[in-house]
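# Secondary and tertiary structure notes
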Amino acid sequence: MVFIRQATMRDIQQMQHCNLQCLPENYALRYYLYHIVTWPQLLFVAEDESENGKIVGYVLAKMEEEDKLASEIPSSSKSKSSRDEKKNEEIHL
């Protein structure tokens, strides 16, 4: 079963690992740290309970500096191992 929850500092390395495994555009660890310190309420992870709490996806969002009403999602990822349709049937917020 996969749970969606707010990310914490403990998740940063697993988020980066997910990014490195799944996306062609990769970010340095400091990029995740900057986002979690600046917009902690806008980072979420998908945690797979059947894989001992492994982070299998994430959404990293941010607010625009100039326009506080605008936001963007500069990065989101879902691990290849969790793309199986049967696993996607049970996602809980």
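As a reminder, the structure under discussion sits directly above these lines.
What this report covers is the structure whose coordinates are included nearby. Fair warning: this is a prediction, and the values are worked out from it, not measured in the lab. (Residues numbered from 1 in each chain as written. Predicted model: local features only at pLDDT ≥ 70, side-chain atom pairs only at ≥ 80, totals over all residues. Heavy atoms only, no water.)

A side chain of one charge can pair with a side chain of the opposite charge if their charged atoms are brought near each other. Counted according to the given criterion, the structure contains 3 salt bridges. Between Arg5 and Glu47 there is a salt bridge, and its shortest N-O distance comes to 3.2 Å. Of this pair, Arg5 sits in strand β1 (residues 2-6) while Glu47 is found in strand β2 (residues 43-48), placing the two residues 42 residues apart along the sequence. By relative accessible area, Arg5 is classed as partly exposed at 23%. For Lys54, the salt bridge goes to Glu51, with nearest N and O atoms at 3.7 Å. In this structure, a network of salt bridges that share partners links the residues Arg5, Asp11 and Glu47. (Salt bridge = Lys/Arg side-chain N within 4 Å of Asp/Glu carboxyl O. Helix = DSSP H or I, 4+ residues; strand = E, 2+ residues; numbered from the N terminus. Buried < 20%, exposed > 50% of the residue type's maximum accessible area, 1.4 Å probe, protein only.)

Moving on, we get to helix α1 (residues 12-22). Listing the buried residues of α1 in full gives Ile12, Met15, Gln16, Cys18, Asn19 and Cys22. Each buried residue of α1 lies within a common arc of 155° when the element is viewed along its axis, so the set occupies one face. (Arc of directions from axis to C-beta.)

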